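Residue-level structure breakdown
So you can see what is in the structure, the chains are spelled out below.
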Amino acid sequence: MKVLLPLLLAVWLSAPSGCTSLPPSCSEPPAKWCSSLESAARCGVLKQCLEADFRKTHQTADPVQVALYYESLCPGCRNFLAGMLFPTFVMLSDIMSVTLVPYGNAQEKPDGDKYTYVCQHGPPECLGNMIESCIMNMTQMAFPIIFCMESSADVIGSAESCLKVYAPDLSIDKVMSCAKGDLGMQLMHQNAMMTKALKPPHEYVPWVTINGEHTDDLQDKAMSSLFTLVCSMYKGTKPPACGGTQKIHYKSYCSNE
Ligand SMILES: *[C@@H]1O[C@H](CO)[C@@H](O)[C@H](O)[C@H]1NC(C)=O
């Protein structure tokens, strides 16, 4: 990226700015717009990609690690994931990392050399947990897909269309064969181990840890305003979203003439 910067700047400065709709040559899904100079230019988002890259390389401290232990069909978990965790991550992805562990109050039973699972909200929840674990193993776009599923009326039924939006190359068939096979079981066993290793052990879900730590205070703050908590815990220079001093102004407006 460093090598590319002068070139990027040159292209950026010569790129027309304005309020055009997406160029027809931009066929990539949004997540890939910044993946190369060419696609950023084609999609008319060079400036935004450069700014995002600038903020990332100017990160001055370790990201705040937020982990969520949850169940795919628990209403409180869905509210927190869709209404708090994902929006906060969208704003603060430069300074936070997110780990999702779908398991919660499930139970694991050894069955020969395999495991079977019983979930608090029944077999559909086990399937939802499994699908989400597989998606996390199979694509970098897992968080938006899981957000899409958890915020829709039908968590499992929406998986296919959520995949189509955010990871069109990953088929629902591939995900389901993971969810129903040995890989899914292996991934769920990892979730079970991570959940069982919690200190203190979880008493409910959604259960949040910040930098690996859970206290009543951190949990309350995460539930009431995760955004404020992450900004306050980040030890580096606060990003603009937190109201820090490093400001980036967007001065491009569309007039109604
Ligand atoms: C997917 O899961 C397998 C089995 O646990 C693991 O070896 C692999 O590293 C995982 N891949 C990703 C991208 O998480």
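Here the structure is shown first, and the text comes after it.
Below or above, wherever it landed, is the structure these notes cover. (Residues numbered from 1 in each chain as written. Predicted model: local features only at pLDDT ≥ 70, side-chain atom pairs only at ≥ 80, totals over all residues. Heavy atoms only, no water.)

1. Overview of the overall build of the chain
For the chain, the helix and strand inventory stands at 10 helices and 5 strands. Within the chain, the fraction of its 257 residues that count as buried is 40%. Within the chain, contacts between residues at least 6 apart in sequence are counted, and of these 65% link residues at least 24 apart. (Helix = DSSP H or I, 4+ residues; strand = E, 2+ residues; numbered from the N terminus. Buried < 20%, exposed > 50% of the residue type's maximum accessible area, 1.4 Å probe, protein only. Contact = heavy atoms within 4.5 Å.)

2. Focus: the sheet that holds strand E2 (residues 96-102)
Strand pairing within a sheet occurs via backbone hydrogen bonds; the two strands may be parallel or antiparallel. What the 3 strands build is an open sheet, ordered E2-E1-E5; its pairing is mixed. One side of each edge strand has no neighbouring strand; the edge strands of this open sheet are E2 and strand E5 (207-210). Pairwise comparison of adjacent strand axes, ignoring direction, gives a mean angle of 15° for this sheet. Relative to E2, strand E1 (residues 64-70) is paired through 7 bridges, and the arrangement is parallel. Bridge assignment links alanine 67 to a residue of E2, and that residue is threonine 99. Where helix H10 (residues 216-233) meets the sheet, it contacts E1, E2 and E5, and its direction lies at approximately 30° from that of E5. (Pairing = 2+ DSSP bridges. Axes fitted to C-alpha atoms, helices over the stretch in contact; angles between N-to-C directions.)

3. Regarding the nonpolar core
In terms of nonpolar packing, the biggest core is built from 55 residues, with Val66, Leu85 and Leu226 touching the most fellow members. Sort the elements by how many residues they give to this core and helix H4 (residues 75-92) lands first, with 7 residues. Among the nonpolar cores identified, the runner-up in size contains 8 residues, and Cys26, Leu37, Val45 and Cys49 belong to it. (Core = buried A, V, L, I, M, F, W, Y, C linked by side-chain atoms within 4.5 Å.)

4. Re the pairing of E1
In terms of burial, E1 is largely enclosed, as 6 of its 7 residues are buried. Each parallel crossover has a hand, and for E1 linked through H4 to E2 it is right-handed. As paired strands, E1 and E5 are joined by 4 bridges and run antiparallel to one another. In the sheet register, alanine 67 faces E5, and the bridge partner there is threonine 209. (Right-handed = clockwise from strand over helix to strand, strands pointing away.)

5. Brief notes about the pattern of salt bridges
Per the counting criterion, the structure on display carries 7 salt bridges. One salt bridge connects aspartate 169 with lysine 32, and the closest N-O pair in it is separated by 3.9 Å. On the criterion of sequence distance, the pair formed by aspartate 169 in the loop between helix H7 (159-166) and helix H8 (172-179) and lysine 32 in the loop between helix H1 (5-14) and helix H2 (37-42) is long-range, its members being 137 residues apart. A relative accessible area of 71% means that aspartate 169 is categorised as exposed. Assessed through its relative accessible area of 39%, lysine 32 is described here as partly exposed. Note that lysine 164 is salt-bridged to glutamate 160, the shortest N-O span being 3.5 Å. A residue pair is termed a helical-turn pair when its members lie 3 or 4 positions apart in one helix, as lysine 164 and glutamate 160 do in helix H7 at 4 residues. (Salt bridge = Lys/Arg side-chain N within 4 Å of Asp/Glu carboxyl O.)

6. Observations concerning the packing of H4 against helix H6 (residues 142-150)
Relative to each other, H4 and H6 sit at 145°, their axes nearing to 9 Å. In this structure, H4 crosses over H6, and the sense of that crossing is left-handed. Listed contacts from H6 to Arg78, Leu81, Ala82, Leu85, Phe86 and Phe89 of H4 are Phe143, Pro144, Ile146, Phe147, Met149 and Glu150. When its residues are assigned to classes, the contact of H4 with H6 shows 10 nonpolar, no polar and 2 charged. (Left-handed = near helix turned anticlockwise from the far one by under 90°. Nonpolar A, V, L, I, M, F, W, Y, C, P; charged D, E, K, R; others polar.)

7. Comments concerning the packing of H6 against H7
Relative orientation of the contacting elements H6 and H7 amounts to 145°, with a least axis distance of 9 Å. When the axes of H6 and H7 are compared, the crossing they make is right-handed. In contact with Pro144, Ile145, Cys148 and Met149 of H6, H7 contributes Ala159, Cys162, Leu163 and Tyr166. When its residues are assigned to classes, the contact of H6 with H7 shows 8 nonpolar, no polar and no charged.

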